[in-house]
Structures are given as C-alpha cells and as structure tokens.
Amino acid sequence: QVQLVESGGDLVQPGGSLRLSCVASGKISSIAAMGWYRRTPGGQRELVAIITSTGLTKYEDSVKGRFTVSRDNAKNTVYLQMNSLRPEDTALYSCYGSIRMRAFTPAADYWGQGTQVTVSA
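Residues numbered from 1 in each chain as written. Predicted model: local features only at pLDDT ≥ 70, side-chain atom pairs only at ≥ 80, totals over all residues. Heavy atoms only, no water.

1. Focus on the state of the cysteines
Item 1. According to the stated counting rule, one finds one disulfide in the structure shown.
Item 2. Cysteine 22 shares a disulfide with cysteine 95; S-S distance 2.0 Å. What sets the handedness of the cysteine 22 and cysteine 95 disulfide is the S-S torsion sign, and at about -85° it is left-handed. Note that cysteine 22 is positioned in strand E3 (residues 18-26) and cysteine 95 in strand E9 (residues 91-100), a separation of 73 residues in sequence. Residues cysteine 22 and cysteine 95 agree in their burial class; the two are buried. (Disulfide = S-S within 2.5 Å. Helix = DSSP H or I, 4+ residues; strand = E, 2+ residues; numbered from the N terminus. Buried < 20%, exposed > 50% of the residue type's maximum accessible area, 1.4 Å probe, protein only.)

Now the structure itself:
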C-alpha cells in the first residue's frame, strides 16, 4: 500500500506565498514522477507542476515564474513553493505520484487527499 500525505495549505492574501509538501510512504520501490494537481472551485482538475526522478519539470502556463516544484528523492517528498499568489490560484491541491511498488513492474498512479489553498483579502 502507498500513501501520499500533503500539508501546507492555508488562507493567504493575494501576493503572498505558501509552501506545500507531500510525503509518499509505504511499499515503494521507486518513484518515476511526483507533482501537484489542483481542482478549482468550478470543478476542473488541472496539472500545476510535475517533476521527474531526474529533475525535469513541467508547469501549467499560469504558474510559470511564480511556482517552483522540487523533490527530495531520499525522503520521497515533493514540494511546491508558491509565490505571488492570486485569487485564481484558490483550489484543492492534490499530490500525485507515479510509483512502483516492485522493481521491473509498471508504475501506478497515486493521489493524496488534498490540501486547501485559499487566496483572498
């Protein structure tokens, strides 16, 4: 069994910063990629940022230059540093991991429960 647990969500004013963290635990052989998705108040789920095991990153266009995704492979942890937050960044942010429980088997997708980020004056 694999679990992803997020932390760091909060209420913040526009222009503020937050750092989200997500730890993967359980029976893990390797993690191919980790990242963050968000579900907006309108119900859409979108990729925010993702990082591979070798450090390659991809960002949603609206967060480029404001958000930074990073990971600590030794701790099975991914982070999302969010700066210059805007009201439209308000969403439930969920951690994602593409994880192998055993070597030489396909990776499977795992999700955390989510952490709420609210940007409001």
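2. Points about the packing of aromatic side chains
Given two aromatic rings, one states the distance between the centres and the angle between the planes to describe the pair.
Item 1. The tally for this structure, following the rule as stated, stands at three aromatic pairs.
Item 2. With a centroid separation of 5.8 Å and 70° between ring planes, the pair formed by tyrosine 37 and tyrosine 96 is classed as edge-to-face. Of this pair, tyrosine 37 sits in strand E4 (residues 30-39) while tyrosine 96 is found in strand E9, placing the two residues 59 residues apart along the sequence.
Item 3. By relative accessible area, tyrosine 37 is classed as buried at 18%.
Item 4. By relative accessible area, which is 11% here, tyrosine 96 ends up buried.
Item 5. Ring geometry for tyrosine 96 versus tryptophan 111: centroids 5.1 Å apart, planes at 55°, classification tilted. One end of the pair, tyrosine 96, is in strand E9; the other, tryptophan 111, is in strand E10 (residues 108-111), with 15 residues separating them in the sequence.
Item 6. Here a set of aromatic residues connected by ring pairs shows up, and it is made of Tyr37, Tyr96 and Trp111.
Item 7. A cation over an aromatic ring shows up here: arginine 45 above the ring of tyrosine 37, its NZ or CZ 5.4 Å from the ring centre. (Phe/Tyr/Trp six-rings, centres within 6.5 Å; stacked < 30°, edge-to-face > 60°. Lys NZ or Arg CZ within 6 Å of the ring centre and 35° of its normal.)

3. Considering the sheet that holds E3
Strands belonging to one sheet form pairs held by backbone hydrogen bonds; the direction of such a pair is parallel or antiparallel.
Item 1. Taken together, four strands build an open sheet; the order of strands is E1-E3-E8-E7 and the sheet is antiparallel. With partners counted over all chains shown, the strands left at the sheet margins are strand E1 (2-7) and strand E7 (67-72), one partner each. Looking at each pair of strands side by side, their axes are set apart by 15° on average, direction ignored.
Item 2. Note: E3 against strand E8 (residues 77-82), six bridges, orientation antiparallel. In the strand pairing of E8, valine 23 is matched with threonine 77. (Pairing = 2+ DSSP bridges. Axes fitted to C-alpha atoms, helices over the stretch in contact; angles between N-to-C directions.)

4. Notes on the environment of alanine 49
Item 1. When you line up the elements, alanine 49 lands in strand E5 (residues 45-52).
Item 2. For alanine 49 and tyrosine 96, which are 47 residues apart along the polypeptide, the C-alpha to C-alpha distance reads 9.8 Å.
Item 3. If we ignore the near neighbours within four places in the chain, the residues touching alanine 49 are Gly35, Trp36, Lys58, Tyr59, Val69 and Leu80. (Contact = heavy atoms within 4.5 Å.)

5. Description of the nonpolar core
Item 1. The biggest cluster of nonpolar side chains holds 28 residues, and the ones touching the most others in it are Trp36, Leu80, Met82 and Tyr93.
Item 2. Those elements that provide at least two residues to this core are E1, E3, E4, E5, E7, E8, E9 and strand E11 (115-119). (Core = buried A, V, L, I, M, F, W, Y, C linked by side-chain atoms within 4.5 Å.)

6. Structural notes on the side chain of glutamate 6
Item 1. By the element assignment, glutamate 6 lies in strand E1.
Item 2. It is arginine 45 that comes nearest to the buried, bridge-free glutamate 6 among opposite-charge side chains, at 10 Å.
Item 3. There is a polar contact of 2.8 Å between the side chain of glutamate 6 and the backbone nitrogen of cysteine 95.
Item 4. A polar side-chain atom of glutamate 6 sits 3.2 Å from the main-chain amide nitrogen of glutamine 113. (Lys, Arg positive; Asp, Glu negative; His and termini not counted. Salt bridge = Lys/Arg side-chain N within 4 Å of Asp/Glu carboxyl O. Polar contact = N/O pair within 3.5 Å; in protein donor to acceptor, adjacent residues only side chain to side chain.)

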